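Remarks on the overall topology
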2 protein chains.
Amino acid sequence: MQKTFYFKKNPPSIINTSAVVGPKESIGPLGKYFKHSIYDDTFGEKTYEKAECKMQSYVINRLLTENNLKTDDIDVLLSGDLLNQIISASFAVREYDIPFLGVYNACSTLTESLTIASIMVDSRLINKAICLTSSHFSTAERQYRYPLELGSTRPPQSQWTVTGAGGFLLGKTDKKLPKITMATVGKVVDFGVKDANNMGCAMAPAAVDTLLAHFNNTNTRETDYDLIITGDLGILGSRVFCDLMKQKGYDLTDKHVDCGGIIYEKNEKEFQGGSGAGCSAVVFSDYFYPKLIKKEYKKIIFMATGALLSTLSSQQGESIPSIAHLIVAEA
Amino acid sequence: MQKTFYFKKNPPSIINTSAVVGPKESIGPLGKYFKHSIYDDTFGEKTYEKAECKMQSYVINRLLTENNLKTDDIDVLLSGDLLNQIISASFAVREYDIPFLGVYNACSTLTESLTIASIMVDSRLINKAICLTSSHFSTAERQYRYPLELGSTRPPQSQWTVTGAGGFLLGKTDKKLPKITMATVGKVVDFGVKDANNMGCAMAPAAVDTLLAHFNNTNTRETDYDLIITGDLGILGSRVFCDLMKQKGYDLTDKHVDCGGIIYEKNEKEFQGGSGAGCSAVVFSDYFYPKLIKKEYKKIIFMATGALLSTLSSQQGESIPSIAHLIVAEA
């Protein structure tokens, strides 16, 4: 059964966030909200992988400099990404004198790391943590699908991996800042979806599972929150998610927004929106966090979802197990 | 700077451990200590990957049944492995109704997960956790090196990936049981080693870095511990590690044992001993944990080391960043 953690003693504040996005994201519907973008998706590096890694370093740098912090001020950095052996994270943090914990739950890596860091801050074992994740269209395509040079066509149910990295600086309770008050850790759910191009539908049941458990554990429902933000279910996956929730008696109309569903123009013929670990990280960082600061939202659920497949598991005929972790943030 | 956590309020007990090893490990020098072994390294499955996954399930089952626990009794399971997207972990836990946090720091994944779980128990947010990891010679060879069918020769500095999975059941303080009293989280260290066949030497500086930080943070030294156990530096890596520590004024002669160095016959001409995330997990579980129970050792350091490379990072000419996390266990 899923576990809900309550951060009552010392709920961690989200002190600041930072994100950097790629060219496509910077001209999308949320383009004006993204403070930092790159105009060349190699970021001046020789390979896309090095570019993704550099985006993570860039975010760490921004979080340190914008908050007048030295590496010594950060007790732990939790990070992960979609590349094999999470090399974007490991190679980015190598340049910093900061203790590192690598985490991986696919696109739910961000809320996983926020959960672990919140536990550490709440228990007063640490003062400050950075939680970070990234994805890159070109690194994901060639690792999970086909070489870009092939120019493969995309099926209509597919999503587009977001190029971007987003990071969160957590710290001790500060009444003026948004804080994380709860976290629900999901379990692995597998409804037998085998289409690696349809990850929204593979992940939707995991999102339902964690959200229902959260409502049940905390004795709350959708009306207790201003907004329920999911990570990257995409447009089709979001529809499945809302339908399944409706079957269970929860009406998410006007309550649910999917980061993957809003980062690009809604054009279902082309694809179902954004995906990738970086998707929810950049959208939450630069679009939703400022709204929490301005108290436009007072209490929200932020749930990132992850599809726990690998190319090898798909080749061996396996279905796609999925997971979702959520946090509750209050202004 | 590395961070040391002190578990003073409610130091977590290691309630039990369980491990399963492959055929080669079961006839090695520690064979008589391993309680469970498989005689066919496919474990009756169609692929080596499914076999590795099944080993993780096997260990979860043993931990549940031997301790009369239901899945509901486990608040969280932390697991990771060396396969791309940690599929052994994700697919194994899919069969259990247990909240899952995926972690990855290569072969230091085990001590990373023990650290996070200890924080959760110490802060009383959870009662029980399972920490788990695995590796498999045949899955690692074909993912990181060459297809087995090629029959490639191995250079003398190489190590042999252990086939095995080991798990740890942590719970609330119980005076009769060994407990985890401290944990030091390492940072990423890169001394520029580029030889992916010589991971012991790549990881040794990370081990030195974390151990020195631990001694410094806790104001202790080697003489304060009965034993300093490393994960899988191997024979050559251990020699480098001890030499570097000696240069810093610490004499680890008679104090240091490497899990990778004792799991196979010492035959340097063939290879430098065991490696893989499963190596330290099975050796600590079935060889060292019983000695803690019998109070043969009263206070030990257990430090697993990880080489944070991927095949792609090596192909792109990168060196091997490494990391080491340690825990202190007391009888």
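Conventions and cut-offs
- Residue positions are given per chain, counted from 1 along the sequence in the order it is written.
- Labels are handed out in written order, letters beginning with A for the chains and numbers beginning with 1 for the ligands.
- Given that the model is predicted, a residue must reach a pLDDT of at least 70 before its local features are reported, and side-chain atom pairs must reach 80 or more before they are shown or counted; all residues, however, enter totals for whole chains, interfaces and linings.
- Hydrogens and water are ignored here; the side-chain numbers use all heavy atoms of the structure.
- Segments assigned H or I by DSSP are reported as helices when at least four residues long, segments assigned E as strands when at least two residues long, and all are numbered from the N terminus.
- The atom set for the radius of gyration is the C-alpha atoms, and the globule formula is 2.2 Å times the number of residues raised to the power 0.38.
- Buried means the residue's accessible area, taken with a 1.4 Å probe over protein chains only, is under 20% of the maximum for its type, while exposed means over 50%, and partly exposed covers the values in between.
- When the copies are superposed, the least-squares fit takes in the C-alpha atoms of residues with a pLDDT of at least 70 in both.
- Note on contacts: a residue pair qualifies if any of its non-hydrogen atoms lie within 4.5 Å across the two residues.
- For salt bridges, the criterion is a side-chain nitrogen of Lys or Arg within 4 Å of an Asp or Glu carboxyl oxygen.
- Buried area is a sum: the accessible area each of two parts loses on coming together, probed at 1.4 Å, counted once for each and added.
- Two N or O atoms form a polar contact when they lie within 3.5 Å of each other; inside protein one atom must be a possible hydrogen donor and the other a possible acceptor, and for residues adjacent in sequence the pair counts only when both atoms belong to side chains.
- Each residue receives one of three labels: charged for Asp, Glu, Lys and Arg, nonpolar for Ala, Val, Leu, Ile, Met, Phe, Trp, Tyr, Cys and Pro, and polar for the others, Gly being one of them.
- Residues grouped as a nonpolar core are buried Ala, Val, Leu, Ile, Met, Phe, Trp, Tyr and Cys residues, joined through side-chain atoms within 4.5 Å.
- Lines fitted to C-alpha atoms define the axes, with helix axes restricted to the stretch in contact, and inter-axis angles between N-to-C directions lie between 0 and 180 degrees.
- Crossing handedness: left-handed means the near helix sits turned counterclockwise from the far one by under a right angle, and right-handed means the same turn made clockwise.
- Each residue gets a pLDDT score, which is the predictor's confidence in that residue and runs from 0 to 100.
- Take the number of residues in a helix, subtract one, and multiply by 1.5 Å to get its expected span.
- To get the bend at any residue, fit one axis to the seven residues that end at it and another to the seven that begin at it, then take the angle between the two axes.
- Two strands pair if DSSP finds at least two bridges between them.
- Here a crossover is taken to be right-handed if, once the strands point away from the viewer, the path from the first strand over the helix to the second is traced clockwise.
- Pairing of aromatic rings covers Phe, Tyr and the six-membered ring of Trp, with a centre-to-centre limit of 6.5 Å; geometry is then stacked below 30 degrees between planes, edge-to-face above 60, and tilted otherwise.
- Two conditions define a charge located above a ring, namely a distance within 6 Å from the ring centre to NZ of Lys or CZ of Arg, and an angle within 35 degrees of the ring normal.

Another point: the overall build of chain A. Scanning chain A from N- to C-terminus turns up ten helices and 13 strands. In summary, chain A has a C-alpha radius of gyration of 18 Å against a globular reference of 20 Å for 331 residues, a match within 12%. Considering only C-alpha atoms, chain A reaches an extent of 50 × 50 × 35 Å along its principal axes. Residue burial in chain A is summarised as follows: out of 331 residues, 67% are buried.

This part is about the relation of the copies chain A and chain B. Under the fitted operation, chain A is carried onto chain B by 0.0 Å of movement along the axis and a turn of 180°, and the coordinates agree to an RMSD of 0.0 Å. Expressed as a symmetry operation, the mapping of one chain copy onto the other fits a two-fold axis. Closest approach to the rotation axis among the C-alpha atoms of chain A is made by V103 of chain A, whose C-alpha sits 2.1 Å away. Both copies present the same face, since 100% of the interface residues in chain A are matched by interface residues at the equivalent positions in chain B.

We now examine the environment of N198 of chain B. Residues and elements named next belong to chain B. With respect to the helices and strands, the residue N198 is situated in the loop between β9 (179-185) and α6 (199-218). Counting along the chain gives 27 residues from N198 to G171, while the straight-line C-alpha distance between them is 37 Å. Here N198 is in contact with Q157, V193 and L236, once residues within four sequence places are set aside.

Turning next to the side chain of S123 of chain A. The residue S123 of chain A is located in the loop between α4 (109-122) and β5 (129-135) in this model. A relative accessible area of 9% means that S123 of chain A is categorised as buried. Each residue touching S123 of chain A, except ones within four places of it in the same chain, is listed here: K9, I119 and S123 of chain B.

With that settled, consider the pattern of salt bridges. Inspection of every chain in the model, using the stated rule, returns 26 salt bridges over all chains. K54 of chain A is the salt-bridge partner of E45 of chain A, the closest N and O atoms lying 3.6 Å from each other. With a relative accessible area of 28%, E45 of chain A lands in the partly exposed category. Looking at K54 of chain A, the relative accessible area reads 32%, which means it is partly exposed. The network of salt bridges with shared partners includes K50 and R94 of chain A together with D190 and E318 of chain B.

For the rest of this paragraph, the subject is the interface of chain A and chain B. Of the residues lining the interface, 58 residues belong to chain A; the matching set on chain B comes to 58 residues. When the area that chain A buries against chain B is broken down by residue, the three leading residues are Q85, R94 and L125 of chain A, summing to 14%. Note that E318 of chain B is salt-bridged to R94 of chain A, the shortest N-O span being 3.0 Å. Inspection of the chain A/chain B interface yields 29 residue pairs in polar contact (both at pLDDT 80 or more). Residues of the side of chain A that touches chain B, tallied by class, amount to 29 nonpolar, 15 polar and 14 charged.

Now for the nonpolar core. Membership of the largest hydrophobic core comes to 105 residues, with the highest contact counts inside it found for V283 and F288 of chain A together with V283 and F288 of chain B. Contact partners of F288 of chain B, with chain neighbours within four places excluded, come to L227, I229, V257, C259, I262, V283 and Y297 of chain B. Core analysis: the second largest hydrophobic core is formed by 64 residues, V59, C107 and L308 of chain A together with A140 of chain B among them.

Here the focus is the packing of helix α6 (residues 199-218) of chain A against helix α7 (residues 234-247) of chain A. All names here are of chain A. Look at α6 against α7: their axes get within 8 Å of each other, and the N-to-C directions meet at 40°. Every pair of crossing elements has a handedness; the one defined by α6 and α7 is right-handed. Listed contacts from α7 to G200, C201, A204, P205, A207, V208, L211, L212 and F215 of α6 are L236, G237, V240, F241, L244 and M245.

This brings us to the environment of M303 of chain A. All names here are of chain A. Tracing the chain through its elements places M303 in strand β12 (residues 299-307). Along the primary structure M303 and I327 are separated by 24 residues, whereas in three dimensions their C-alpha atoms are 6.4 Å apart. When neighbours within four sequence positions are excluded, M303 is seen to be in contact with A207, T210, L211, I229, T230, G231, F241, A324, H325 and L326.

For chain A, the mean per-residue pLDDT works out to 95, and 99% of the residues sit at or above 70. Of the two predicted TM-score estimates for the complex, the pTM is 0.97 and the ipTM is 0.96.

The next thing to look at is helix α9 (residues 277-293) of chain B. Residue and element names in this part refer to chain B. Compared with an ideal rise of 1.5 Å per residue, which puts 17 residues at 24 Å, α9 spans 23 Å between its outermost C-alpha atoms and is within 8% of the ideal. At F284, α9 shows its maximal kink, close to 40°. For α9, the tally of buried residues reaches 15 of 17 residues, placing the bulk of the element in the interior. Trailing α9 by a residue or two, K295 shows a phi angle of about 60°, which is positive.

We now examine the pairing of strand β13 (residues 299-307) of chain B. Residue and element names in this part refer to chain B. With eight of its nine residues buried, β13 lies for the most part within the structure. As paired elements, β13 and strand β14 (residues 322-330) share nine bridges and run antiparallel to each other. Residue pairing in the sheet places A307 in a bridge with S322 of β14.

Attention now moves to the pairing of strand β4 (residues 76-81) of chain B. Each regular strand shows side chains that alternate between the opposite faces of the sheet. Residues and elements named next belong to chain B. With six of six residues buried, β4 lies mostly within the body of the structure. Of the two faces of β4, the one lined by V76, L78 and G80 and the one lined by L77, S79 and D81 are each fully buried. As paired strands, β4 and strand β5 (residues 100-102) are joined by three bridges and run parallel to one another. Bridge pairing links L77 to F100 in β5. Where the polypeptide runs from β4 across helix α3 (residues 87-93) and back to β5, its parallel neighbour, the crossover connection is right-handed.

Bringing the side chain of T210 of chain A into the picture now. All names here are of chain A. The topology assignment puts T210 in helix α6. Accessibility expressed as a relative area gives 0% for T210, which makes it buried. Apart from the residues lying within four places of it in its own chain, the contact partners of T210 are Q2, T184, G186, M303, A324, H325 and L326.

Turning our attention to the packing of aromatic side chains. This structure, assessed with the given rule, holds 24 aromatic pairs over all chains. Between the aromatic rings of F284 of chain A and F302 of chain A, the centroid separation amounts to 4.2 Å while the plane-to-plane angle is 10°, which identifies the pairing as stacked. Taken together, the residues span a long stretch of sequence, with F284 of chain A in helix α9 (residues 277-293) and F302 of chain A in strand β12 at a distance of 18 residues. We note that F284 of chain A, like F302 of chain A, is buried. Each ring, one from Y287 of chain A and one from F288 of chain A, has its centre 4.9 Å from the other, and the planes form 70°; the classification is edge-to-face. One exposure class covers both Y287 of chain A and F288 of chain A, and it is buried. A connected cluster of aromatic rings, assembled from ring pairs, spans Y33, F168, F284, Y287, F288, Y297 and F302 of chain A. The ring of Y6 of chain B is capped by K8 of chain B, whose NZ or CZ atom sits 5.1 Å from the centre of that ring.

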